[in-house]
Amino acid sequence: MSTPLIIGSVAYTPNVVTIWEGMRDYFAGGPAEMDFVLYSNYGRQVDALLAGHIDIAWNTNLAWVRTVAQTGGECRALAQRDTDTVFQTIFVARAGSALGGLEGLKGRRLALGSQDSAQAAILPVHYLRQAGLTSGGDGGGDVELLRINSDVGKHGDTGRSELDALRAVVEDRADAAALGVNTWEAIGRDELMPGAFEVFWESPTYSHCNFTALPTLDDERVAPWVAQLLAMDFDNPAHRPILEMEGLRQWVLPKLDGYASLFEAVEEQGISPRW
Amino acid sequence: MVNPLLVLDLVERTGALPVGGTTTVPLGEVAREHETELVALWCERNGNELVGVRDGVATVRRGRSPDPFAELAPDQVPGTRLWIYTNFDCNLACDYCCVRSSPQAARRAVGADKVAQLADEAADAGVSELILTGGEPFLLPDLDDLVAACTARLPTTLLTNAMLFRGRRLQMLQRMHRDRLVLQVSLDSATPELHDRHRGARSWERAVAGIRIAQAEGFRVRVAATLEPERFTELEPFRAFLDTLGIARGDQVIRALAHRGVAESGLELTLESLIPEITVTADGVYWHPVSADHDDHLVTRELFPLRDAIDEVRRRFVEIRARADAAAQWFPCA
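Predicted model, so just to flag it, every value in this text is computed and none were measured. (Residues numbered from 1 in each chain as written. Chains lettered and ligands numbered in written order. Predicted model: local features only at pLDDT ≥ 70, side-chain atom pairs only at ≥ 80, totals over all residues. Heavy atoms only, no water.)

1. So, the overall build of chain B
- What chain B contains, in helices and strands, is nine helices and 12 strands.
- Viewed in the frame of its principal axes, chain B has a C-alpha envelope of about 80 × 45 × 35 Å.
- A buried classification covers 51% of the 334 residues belonging to chain B.
- Taking the intrachain contacts of chain B between residues at least 6 apart in sequence as the baseline, contacts between residues at least 24 apart amount to 66%.
- Computed over 38 positive and 49 negative side-chain charges, the inter-centroid distance for chain B is 4 Å. (Helix = DSSP H or I, 4+ residues; strand = E, 2+ residues; numbered from the N terminus. Buried < 20%, exposed > 50% of the residue type's maximum accessible area, 1.4 Å probe, protein only. Contact = heavy atoms within 4.5 Å. Lys, Arg positive; Asp, Glu negative; His and termini not counted. Charge placed at Lys NZ, Arg CZ, Asp CG, Glu CD.)

Here it is as structure tokens:
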């Protein structure tokens, strides 16, 4: 038996245990066995990767950007979910608001998710800036921001802060909310509750999570692991439950240009490499 | 309009659950029907399951409940076998008979025409094996016609005490299809004492003789014993005896005594504890052959179309298993 690669992941739901036990079983007996370690937040996980406690980190996009910053760009992304290559931020308001686009937010209040959520906080501010809008709390700027930091440390993985942002819209504490497309899907888009919410702007697609490794990890150990990962098959009944729980149909090689907008946002907003 | 907060609560509460876990969301009083529908639609769309609504509270499971049929051996899947009680009268009056058969029991025969229709509909509905039982089927004067109708459509097993293989009844046996029919004979012990205590004097000797006659006629014989649960630890002498009779180990069926019919003791069986084996009598369709004389296990009085009865049993089985799973989730003691 080869020495297993140790994968780090953040435990944002009890299903993370099921997912990674399933992954460990899938790799068992193959050329690149693996085990896993769970962390309570991404800061701790990135620290562990840099300290060599784990070989590979299952990172959010923000954790990737911070790892790049702390390694001077030496780290590498190994793979990601197909859904990670086409992630989006969705701006929604109450149905009938007719905001018409980001410029419609001028003079209004936008609810954001946790401060470390790329999809629900960091990138939305970036998109406002690209649209020529300034933003801030307590009425500062063109768009007033209502920040809801419900799940800091998890980089928005729980979706809790995005749901709270939507609650703020329903309860008229905000005019609009920014959320990840996965949360928008989870509430049934505007199809399940017609008359509740409407989308007034969708971001371009960008990259979300990836498996991150340091350059010190030997390619002879990484390559067979990545090859076996990419071979997981949605049509295989043994693989499918894990893929469904993790929210993908196919593991793919990383789409690195999809992180450009987040690198820009982090620089613009002066977000520190460590949280 | 329904309250959008309901869906937000659903997403948040199920998101925190492990797969298989359940949570509840309260529904509003004014639009309860619409909100129930919304919860069901949301569950369907997201791969979750609405377990039920009670007293204005919806219970939702993360993920879908496991397929109860997938956990069963292929021959246990309801609708794979069809039992038919051809009649209820019997030449014996066993003291543990689960359906109260005896010489005094009314015949309550299904009849050759209905048996033939059942065989046809069973084959069309995907049943792969017919099992005929009683009472003692060899008391029926037209048993050979009835068996022929079954073997013409599906492999068939005929349960008998094997005590009547002589004269006209032996001739009926000789007319049966040897390749499509298995005879299952009741025999409870390696020596007469125990068997005769439950089934009557000299019944063991005549059953063993009957087994030998059936084998000599070229039939495959299976032996089924009904034992008190405490006797399951002393099976080997009995199996060794059956070996001497030439009964293959795979044809040696040992089952526990059930507290049903005239039995004064035995396993307590309920709809919940039995994997259903669809059973037809003259009186209706029942959950399982062990309870074919008990109204608490009656599924329907309508024998036809048989497929409807099979569908109903499968539907109830799924419902019972889902209810049991949900109860297990709701009732942790520590």
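Right, picking up where we left off after that structure.
2. Quick notes on the pattern of salt bridges
- For the structure on display, the rule yields 43 salt bridges over all chains.
- Close ionic contact of R167(A) with D164(A) constitutes a salt bridge, the shortest N to O distance being 2.7 Å. In this pair, R167(A) and D164(A) both sit in helix 5 (residues 160-170), three residues apart, roughly one turn of the helix.
- Of the charged contacts, one joins R153(B) and D120(B) as a salt bridge, the two residues approaching to 2.8 Å between their closest N and O atoms. Here R153(B), found in the loop between helix 4 (143-151) and strand 6 (156-160), pairs with D120(B), found in helix 3 (residues 112-124); they are 33 residues apart in sequence, far enough to count as distant. (Salt bridge = Lys/Arg side-chain N within 4 Å of Asp/Glu carboxyl O.)

3. Describing the interface of chain A and chain B
- In this assembly, 23 residues from chain A lie in contact with 19 residues from chain B.
- Buried surface at the junction of chain A and chain B, summed over both partners, amounts to about 1700 Å²; 66% is from carbon and sulfur atoms.
- Along the contact surface separating chain A from chain B lie four salt bridges.
- Between R167(A) and D9(B) there is a salt bridge, and its shortest N-O distance comes to 2.9 Å.
- The tally of links between chain A and chain B comes to seven residue pairs in polar contact (both at pLDDT 80 or more). (Buried area = accessible area lost by both parts, 1.4 Å probe. Polar contact = N/O pair within 3.5 Å; in protein donor to acceptor, adjacent residues only side chain to side chain.)

4. As for the domain arrangement of chain B
- What the domain assignment lists for chain B is domain 1 (4-64) and domain 2 (74-307).
- Each of domain 1 of chain B and domain 2 of chain B has a C-alpha centre, and the two are 47 Å apart. (Domains from an automatic or database assignment.)

5. Here's the deal with the packing of helix 3 (residues 61-70) of chain A against helix 9 (residues 260-268) of chain A
Residues and elements named next belong to chain A.
- Relative orientation of the contacting elements helix 3 and helix 9 amounts to 70 degrees, with a least axis distance of 10 Å. Classified by the angle between their axes, helix 3 and helix 9 sit roughly perpendicular to one another. Viewed along their axes, helix 3 and helix 9 form a crossing whose handedness is right-handed. Of the residues in helix 9, those touching helix 3 at N61, L62, W64, V65 and V68 are L262, F263 and V266.
- The class makeup of the residues in the contact of helix 3 with helix 9 is seven nonpolar, one polar and no charged. (Axes fitted to C-alpha atoms, helices over the stretch in contact; angles between N-to-C directions. Parallel < 35°, antiparallel > 145°, perpendicular 65-115°, else oblique. Left-handed = near helix turned anticlockwise from the far one by under 90°. Nonpolar A, V, L, I, M, F, W, Y, C, P; charged D, E, K, R; others polar.)

6. So, the side chain of H198(B)
Residue and element names in this part refer to chain B.
- Here H198 is to be found in helix 6 (residues 192-199).
- Given a relative accessible area of 11%, H198 falls into the buried group.
- At a separation of 3.2 Å, a polar atom in the side chain of H198 contacts the side chain of E228.
- Not counting residues up to four positions away in its chain, the partners in contact with H198 are A93, C94, D95, Y96 and E228.

7. Remarks on the sheet that holds strand 6 of chain B
Residue and element names in this part refer to chain B.
- Taken together, nine strands build an open sheet; the order of strands is 9-8-7-6-5-4-10-11-12 and the sheet is mixed. Edge positions in the sheet fall to strand 9 (252-256) and strand 12 (298-300), since each has one partner strand and no second. Between one strand axis and the next, the sheet turns by 25 degrees as a mean value, whatever way the strands run.
- Where helix 8 (residues 236-244) meets the sheet, it contacts strand 8 (220-227) and strand 9, and its direction lies at approximately 150 degrees from that of strand 9. (Pairing = 2+ DSSP bridges.)

8. Concerning the domain arrangement of chain A
Residue and element names in this part refer to chain A.
- What the domain assignment reports for chain A is domain 1 (5-84 + 207-268) and domain 2 (88-202).
- For domain 1 versus domain 2, the separation of C-alpha centres amounts to 27 Å.
- Listed by partner, the interface residues are 17 residues for domain 1 and 13 residues for domain 2.
- Of the roughly 1300 Å² buried where domain 1 meets domain 2, counting both sides, 61% is carbon and sulfur surface.
- There are one salt bridge connecting domain 1 and domain 2.
- Its salt-bridge partner being R129, residue E268 comes within 3.8 Å of it at the nearest N-O pair.
- Remark: the boundary between domain 1 and domain 2 carries six residue pairs in polar contact (both at pLDDT 80 or more).
- Looking at the side of domain 1 that touches domain 2, the elements that each hand over two or more residues are helix 3 and helix 9.
- The element contributing the most residues to the side of domain 1 that touches domain 2 is helix 9, with five residues.

9. As for the packing of aromatic side chains
- Across all of its chains, the model carries 16 aromatic pairs over all chains by this definition.
- Summarising the aromatic geometry, the rings of W20(A) and F211(A) are spaced 6.0 Å apart at their centres and angled 90 degrees between planes, so their arrangement reads as edge-to-face. Residue W20(A) is located in helix 1 (residues 15-27), and its partner F211(A) is located in strand 12 (residues 210-213); the two are separated by 191 residues in the primary sequence.
- Taken together, a centroid distance of 5.1 Å and an interplanar angle of 55 degrees make the contact between Y127(A) and W201(A) tilted. Here W201(A) lies in strand 11 (residues 197-202) and Y127(A) lies in helix 4 (residues 118-130), a separation of 74 residues in the sequence.
- By the ring-pair criterion, three or more aromatic residues cluster together here, those being W20(A), Y26(A), F27(A), W58(A), F211(A), W225(A) and W251(A).
- The ring of F88(B) carries the charged tip of R108(B) above its face, separated from the ring centre by 3.9 Å.
- One cation-aromatic arrangement involves R314(B) over F69(B); the distance from NZ or CZ to the ring centre is 4.2 Å. (Phe/Tyr/Trp six-rings, centres within 6.5 Å; stacked < 30°, edge-to-face > 60°. Lys NZ or Arg CZ within 6 Å of the ring centre and 35° of its normal.)

10. Some remarks on helix 4 of chain A
Residue and element names in this part refer to chain A.
- With 13 residues, helix 4 extends only 16 Å from end C-alpha to end C-alpha; this falls clearly short of the ideal 18 Å at 1.5 Å per step.
- Of all bends in helix 4, the biggest is about 35 degrees, found at P124.
- Buried residues dominate helix 4, accounting for 11 of its 13 residues.
- All buried positions along helix 4 are accounted for by A118, Q119, A120, A121, I122, L123, P124, V125, H126, Y127 and L128. (Expected span 1.5 Å × (residues − 1). Bend = angle between axes of the 7 residues up to and from the residue.)

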